[in-house]
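# Notes for the structure review
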Amino acid sequence: MAHKTYIMTNTSKSFTTTNYKRFRYLESNRPIVESHVLALARSIQEHGLLEPVRCTENWEIIDGQNRVKACELINHPVEVLVRPTLSVEQIAEINKVRRNWNIMDWAHHWSTKKNEHYKLFLEAVHLYPRMPKGMIMKCCALQQTNLRVFRQGNFQVPDFTSSLELMRIVDDVMYHGIDYNTAHVNALLMMHKQGVKHKDIMHKLRTVPESFLIAKPRNMRDARRIWQDIMNYKRRTNLFSFE
């Protein structure tokens, strides 16, 4: 079906259009998510397009590619705010300060920039889909890290083999009933760095009373005490301690 002719309401700042095919989607932008597009389409049908799409003079979408797809799906006009022509790098810089992008959006963005560290992160997400993305980020980095570093493109995976071993430990530990908890993961990271093996942790989890497993740490000190108790259960010599 032919698209309606778009109507310019203000050529210098904004316009409204149904010429969906003219929009250009940047690979480095956040990916199109079908479920999100469908939800947006339902919202737009009920309430209208509440936030305009931002694009360059060349129709490159800076923010709002899911909204454009949703409008196209229901043949709803797109309100567009125009920014001066920007380079891909400048568009990425604008998105760096946006707070509505999540970890996966940033991982996709930087992986399209040929950043191998983010490609490894996405591989880990594929291998451990039930694990929270923030924990995967920490396991991949093998140290404390934060979303600010991740967003800025400075995230690094120093040893992916070691990261996969740590994620295997974390995933199996949680399978035994221990909550996905940041303090627990920090303690496991420290144990991993001290050379504690997966098989030794699993052996202890199978032998300790259930009360050890349901203990909820309030902080890192609690988590270290819990894991020290687990690893030293019924041991009289070579007691484990955090260095």
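Refer to the structure presented above.
Parameters and conventions
Every chain's residues receive numbers from 1 upward, in the order its sequence appears when written. For a predicted model such as this one, the threshold for reporting local features is a pLDDT of at least 70, and the threshold for listing and counting side-chain atom pairs is 80 or more; totals across whole chains, interfaces and linings nevertheless cover every residue. Only heavy atoms go into the side-chain values, all of them from the structure, while hydrogens and water stay out. Exposed residues in this analysis have more than 50% of their type's maximum accessible area, buried residues have under 20%, and partly exposed residues fall in between, with area computed by a 1.4 Å probe over protein chains only. In this text, helices come from DSSP runs of H or I with a minimum length of four residues, and strands from runs of E with a minimum of two, each type numbered from the N-terminal end. Here, a strand pair is defined by DSSP locating no fewer than two bridges between the strands. Helix span is expected to be 1.5 Å times the residue number reduced by one. A contact between two residues is defined here by any heavy atoms of the two lying within 4.5 Å. Disulfides are defined as pairs of cysteine sulfur atoms found within 2.5 Å of each other.

## Structural notes on the pairing of strand β5 (residues 78-83)
The alternating pattern of β5 places Val-78, Val-80 and Val-82 on a buried face, while none of Glu-79, Leu-81 and Arg-83, on the opposite face, is buried. Across four bridges, the pairing between strand β2 (residues 14-17) and β5 is antiparallel. Across the sheet, the residue bridging to Thr-16 is Glu-79, located in β5. Strand direction decides the pairing type here: strand β3 (residues 53-56) and β5, joined by four bridges, are parallel. Opposite Thr-56, over in β5, you have Arg-83 as the bridge partner.

## Comments concerning helix α8 (residues 160-175)
For α8, which comprises 16 residues, the first-to-last C-alpha distance of 22 Å matches the rise-based estimate of 22 Å (1.5 Å per residue) to within 8%. Residues Phe-160, Ser-162, Ser-163, Leu-166, Met-167, Ile-169, Val-170, Asp-171, Val-173 and Met-174 constitute the buried set of α8. Lining the buried residues of α8 we find α5 (116-127), α6 (133-141), α9 (182-193), α10 (198-207) and α12 (220-231). Positive backbone phi, at 105°, marks Gly-177, one or two positions downstream of α8.

## Side note on the state of the cysteines
One pass over the structure, following the stated rule, counts zero disulfides. With no disulfide of its own, Cys-139 lies 7.1 Å from the sulfur of Cys-140, the closest cysteine sulfur. Using a relative accessible area of 0% as the deciding quantity, one classes Cys-139 as buried.

## Re the side chain of Asn-66
Within the secondary structure layout, Asn-66 lies in helix α2 (residues 65-74). Excluding anything up to four places from it in sequence, Asn-66 contacts Pro-31, Ile-32, Val-33, His-36, Val-37 and Leu-40.

## Thoughts on the environment of Arg-30
Here Arg-30 lies in the loop between β2 and α1 (34-47). Take Arg-30: its relative accessible area is 18%, and that puts it in the buried class. Along the sequence, Arg-30 and Asp-105 sit 75 residues apart, while their C-alpha atoms lie 4.9 Å from each other.

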